[in-house]
Amino acid sequence: MRGSLACLCLLVASLAHAQTKPLGVFDPGTNPPSWAQFGTISDTASDDRFVYAAQMSEATGFLWLLQLGYHEDPRTPIGPHAGRVLDRLRSACLLPYVVAVSVGEEWYEYCLAGEFARYGGGVNNPACIPVLHDWMGKQHLAAKTALGVPVVWITTLAHPTLRPIPANTDVVALDPYMGPGGSFDAV
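Keep in mind the model is a prediction, meaning the values are calculated, not measured. All residue numbers here refer to positions counted from 1 along the written sequence of the relevant chain. Reporting of local features is limited, given that this is a predicted model, to residues whose pLDDT is at least 70; pairs of side-chain atoms are given and counted only at 80 or more, and all residues count toward the totals for whole chains, interfaces and linings. Here the side-chain values reflect all heavy atoms present in the structure, with hydrogen atoms and water set aside.

### What to know about the packing of helix α3 (residues 78–91) against helix α5 (residues 128–147)
Okay, so step 1: The angle between two axes is taken between their N-to-C directions and runs from 0 to 180 degrees, where each axis is a line fitted to C-alpha atoms and a helix contributes only its stretch in contact. Numbering of helices and strands runs from the N terminus; a helix is a DSSP stretch of H or I covering at least four residues, while a strand is a stretch of E covering at least two. The contact between α3 and α5 brings their axes to 9 Å, and the two run at 30 degrees. Relative to α5, the element α3 is oriented roughly parallel. The hand of the α3/α5 crossing is right-handed. Contacts from I78, G79, A82, G83, L86 and L89 of α3 reach α5 at Q139, A142, A143, A146 and L147. The cut-offs work like this: below 35 degrees is roughly parallel, past 145 is roughly antiparallel, 65 to 115 is roughly perpendicular, and the gaps in between are oblique. By convention, the crossing between two helices is left-handed when the near helix turns anticlockwise from the far helix through less than a right angle, and right-handed when the turn is clockwise. Between two residues, a contact is recorded if the distance between any of their heavy atoms is within 4.5 Å.

This is the structure in structure tokens:
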């Protein structure tokens, strides 16, 4: 996720008023680095954390990418969950500072690695790709509809057949993993 947040800069740049390109940070904590203009916040953060994040945003202009449903069963329709999170964001006055949402991350990768086997996905089962493609598109639409912000799809690879971009995706954030000596050019 850390590497992929740089891709979110394109989205935030269209929303920001500054001439400089915004830089993001994964999990900025309570005192983000001075160079960071945005960071991630989980839907599982406490209400106090949401309030603190809103206060920090009001004081500094810091923006947020909401991680939605990362800890939910992947079969859970995200709309009702997003509605509950929306209520918490409004109550904490954080919603105006949430510029985008990601619904889970690296779903294709998890399915191919066998993480969804307990749901019938199997291990290294390419048949899960079209099923997930359809489901993620529906999940993205539900999140976008509930929260009213663009959707960021986080993946290690975007490819027309191997990892097709789900419908209702506004920004693709690539999060490739490289071994020692690797480069982004080789990904």
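### Side note on the state of the cysteines
Okay, so step 1: Disulfides are defined in this document as cysteine sulfur pairs within 2.5 Å. The full count for this structure, using the stated rule, is 1 disulfide.
Okay, so step 2: Two residues, C111 and C128, share a disulfide whose sulfurs are 2.4 Å apart. Within this pair, whereas C111 is found in helix α4 (residues 107–112), its partner C128 is found in helix α5, the two being separated by 17 residues in sequence. C128 shares its class with C111; the two are buried. Using a 1.4 Å probe on the protein chains alone, a residue whose accessible area is under 20% of its type maximum counts as buried, one over 50% counts as exposed, and one in between counts as partly exposed.

### Details of the confidence of the model for the chain
Any segment with low pLDDT has predicted coordinates that should not be analysed in fine detail.
Okay, so step 1: The quantity called pLDDT is the predictor's confidence in a given residue, expressed from 0 to 100. Here the chain averages 83 in pLDDT, while 80% of its residues score no lower than 70.
Okay, so step 2: The least confident element of the chain, judged by mean pLDDT, is helix α1 (residues 9–15) at 45; the most confident is α3 at 97.
Okay, so step 3: Scored below 50 in pLDDT, residues 1–19 makes 42 contacts in the model with residues more than four places away or belonging to other chains.

### Structural notes on the packing of aromatic side chains
Okay, so step 1: The pairing test for Phe, Tyr and Trp rings, Trp by its six-membered ring, is centres within 6.5 Å, and the orientation test on the planes gives stacked under 30 degrees, edge-to-face over 60, and tilted for anything in between. Tallying each qualifying case throughout the model produces 2 aromatic pairs.
Okay, so step 2: Here F62 and W64 contribute two aromatic rings whose centre-to-centre distance is 4.9 Å and whose plane-to-plane angle is 70 degrees, an arrangement assigned as edge-to-face.
Okay, so step 3: What makes F62 buried here is its relative accessible area of 4%.
Okay, so step 4: Aromatic pair Y108 and W153: ring centres 5.8 Å apart, planes at 85 degrees, arrangement edge-to-face. Remark: W153 occurs in strand β5 (residues 152–155) and Y108 occurs in helix α4; sequence separation between them is 45 residues.

### Thoughts on unusual backbone geometry
Okay, so step 1: Despite not being glycine, D27 has its phi angle at roughly 45 degrees, a positive value.
Okay, so step 2: Positionally, D27 belongs in the loop between β1 (24–25) and β2 (38–42).
Okay, so step 3: The phi angle at E106 is positive, at roughly 55 degrees, despite the residue not being glycine.
Okay, so step 4: Inspection of the secondary structure assignment puts E106 in the loop between β4 (98–103) and α4.

### Overview of the pattern of salt bridges
Okay, so step 1: Should a side-chain nitrogen of Lys or Arg be within 4 Å of a carboxyl oxygen of Asp or Glu, the pair is scored as a salt bridge. This model, assessed by the stated rule, comprises 5 salt bridges.
Okay, so step 2: For R88, the salt bridge is made with D47, and the minimal N-O distance between the two is 2.7 Å. Note that R88 is positioned in helix α3 and D47 in helix α2 (residues 47–60), a separation of 41 residues in sequence.

### With respect to the environment of S102
Okay, so step 1: The topology assignment puts S102 in strand β4.
Okay, so step 2: Residue class for S102 comes out buried when judged on its relative accessible area of 0%.
Okay, so step 3: Expressed as a C-alpha distance, the spacing of S102 and V152, which sit 50 residues apart in the sequence, is 4.9 Å.
Okay, so step 4: In contact with S102, other than residues within four places in its own chain, are L65, L66, Q67, L68, Y70, V152 and I154.

### Looking at the pairing of β4
Okay, so step 1: Extensive coverage of β4 is indicated by the burial of 6 of its 6 residues.
Okay, so step 2: Inspection of the sheet shows strand β3 (residues 63–68) paired to β4 by 5 bridges, in the parallel sense. Residue pairing in the sheet places L68 in a bridge with V103 of β4.
Okay, so step 3: We call a crossover right-handed when, viewed with the strands running away from us, the connection from the first strand over the helix to the second turns clockwise. Between the parallel elements β3 and β4, the chain passes through α3 in a crossover that is right-handed. Two strands are counted as paired when DSSP detects at least two bridges linking them.

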